[in-house]
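# Coordinate analysis (summary)
Given next are the chains, with one letter for each unit.
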Amino acid sequence: MKIWTSEHTFSHPWHTVVQAVWRKYPNPMNPAVVGIDVIDRDIGPTGVMRTHRLISCEWERLTYSPHPNQPNSTLLKQEAVITVHGIPLSSYFEDFVSRNISSNANKGRQAMEFVINKINCEVQELTQKTVKSVDELTVNAKRCISDEFVAKSPNYHFQGSK
Amino acid sequence: MTAEDIMNSIGKDCNELKRQYEECFNGWFADKYLRGLGGNDHSCDHLFKLYQNCVKKALNEQKIDIWEIDRNVLGSDGEAKEPSSKPNTAKPS
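These lines cover the structure that appears in this document, whether it is placed above or below. (Residues numbered from 1 in each chain as written. Chains lettered and ligands numbered in written order. Predicted model: local features only at pLDDT ≥ 70, side-chain atom pairs only at ≥ 80, totals over all residues. Heavy atoms only, no water.)

## Remarks on the nonpolar core
The biggest cluster of nonpolar side chains holds 19 residues, and the ones touching the most others in it are I10(B), F25(B), F29(B) and L59(B). Here the element with the most residues in this core is helix α2 (residues 45-61) of chain B; it accounts for five residues. Ignoring any residue separated from it by four or fewer positions in sequence, one finds F25(B) in contact with W22(A), R41(A), M49(A) and C44(B). Y25(A), V33(A), I36(A) and I55(A) belong to the second largest nonpolar core, which has six residues in total. (Core = buried A, V, L, I, M, F, W, Y, C linked by side-chain atoms within 4.5 Å. Buried < 20%, exposed > 50% of the residue type's maximum accessible area, 1.4 Å probe, protein only. Helix = DSSP H or I, 4+ residues; strand = E, 2+ residues; numbered from the N terminus. Contact = heavy atoms within 4.5 Å.)

## Observations concerning helix α1 (residues 15-31) of chain B
In this model, α1(B) (17 residues) spans 24 Å end to end at C-alpha, consistent with the 24 Å of a helix rising 1.5 Å per residue. Those residues of α1(B) that fall on the buried side of the exposure criterion are N15(B), K18(B), Y21(B), F25(B), N26(B), W28(B), F29(B) and A30(B). Residues of α1(B) that are buried make contact with α1 (14-22), β1 (33-43) and β2 (49-57) of chain A together with α2 of chain B. (Expected span 1.5 Å × (residues − 1).)

## Side note on the state of the cysteines
Residues and elements named next belong to chain B. This model, assessed by the stated rule, comprises two disulfides over all chains. Paired by a disulfide, C24 and C44 hold their sulfur atoms 2.0 Å apart. Between C24 and C44, the S-S dihedral sits near -90 degrees, and the bridge is therefore left-handed. Taken together, the residues C24 in helix α1 and C44 in the loop between α1 and α2 connect sequence positions 20 residues apart. With its disulfide-bonded cysteines labelled consecutively along the sequence, chain B is connected as 1-4, 2-3. (Disulfide = S-S within 2.5 Å.)

## Re the packing of aromatic side chains
Throughout the structure, instances matching the rule amount to nine aromatic pairs over all chains. When the ring of W22(A) is compared with that of F25(B), the centres are 5.9 Å apart and the planes differ by 80 degrees; the resulting orientation is edge-to-face. Of this pair, W22(A) sits in helix α1 while F25(B) sits in helix α1, on two different chains. Exposure class is identical for W22(A) and F25(B). Each is buried. An angle of 20 degrees between the planes, with centres 5.7 Å apart, marks the rings of Y21(B) and Y51(B) as stacked. Pair noted here: Y21(B) is in helix α1 and Y51(B) is in helix α2, with a separation of 30 residues, a long-range link. Each member of the pair, Y21(B) together with Y51(B), is buried. Lying over the aromatic face of W22(A), R41(A) brings its terminal NZ or CZ to 4.7 Å of the ring centre. Positioned above the aromatic ring of F25(B), the side-chain terminus of R41(A) is 3.6 Å from the ring centre. (Phe/Tyr/Trp six-rings, centres within 6.5 Å; stacked < 30°, edge-to-face > 60°. Lys NZ or Arg CZ within 6 Å of the ring centre and 35° of its normal.)

Right, dumping it as structure tokens:
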């Protein structure tokens, strides 16, 4: 198991940055955040402030439907509502947000292709061979996935699972 | 203090109370707390109470249980029960 950690340095003094923490939303980089509330706050005997916040998010809406024009295909429509207002250069930020959403949507589609491929491999194994055990199905499916996926996506680096 | 973009509360009716509290808090935080003078200053307490009551009421009305995410369901009685069908877009942060 790996836990992701990171350290980052802001070139600003601590008292400035910590104020920004409380005022983080709204900002153009997180359009999905639609609400934030402090639901508890206290100062302990040593002067340490503890805050509990509730964040409300609205993501995109995805609709999968049989493709109206292409047989054996599926049309995916995605909608995300972006509201950027009250700041200068709002068109620049709207563009920035759009690009961010596009990039994430692309990752989402790659993820779907990955999983679809996995399903196809499993189906293929089931229909082609007499499978002796569930383990054999998994091993063969995994082999199918790495061969198929690497062949179709030369830019995707498939790492062996742990 | 500069004018802030308004960020909504989970309770629509709480927006104004939230705005008032946060304006007070941001000022107190920068001018008092960060200078080590915050301890006995309770100037925002009243606004905080009003805002909090409103939020707790909204959480009840929307049937949001903020501690749901911390609860251990597997291996307990709750495991066999169907989850509530309401889509929950809020999570503790």
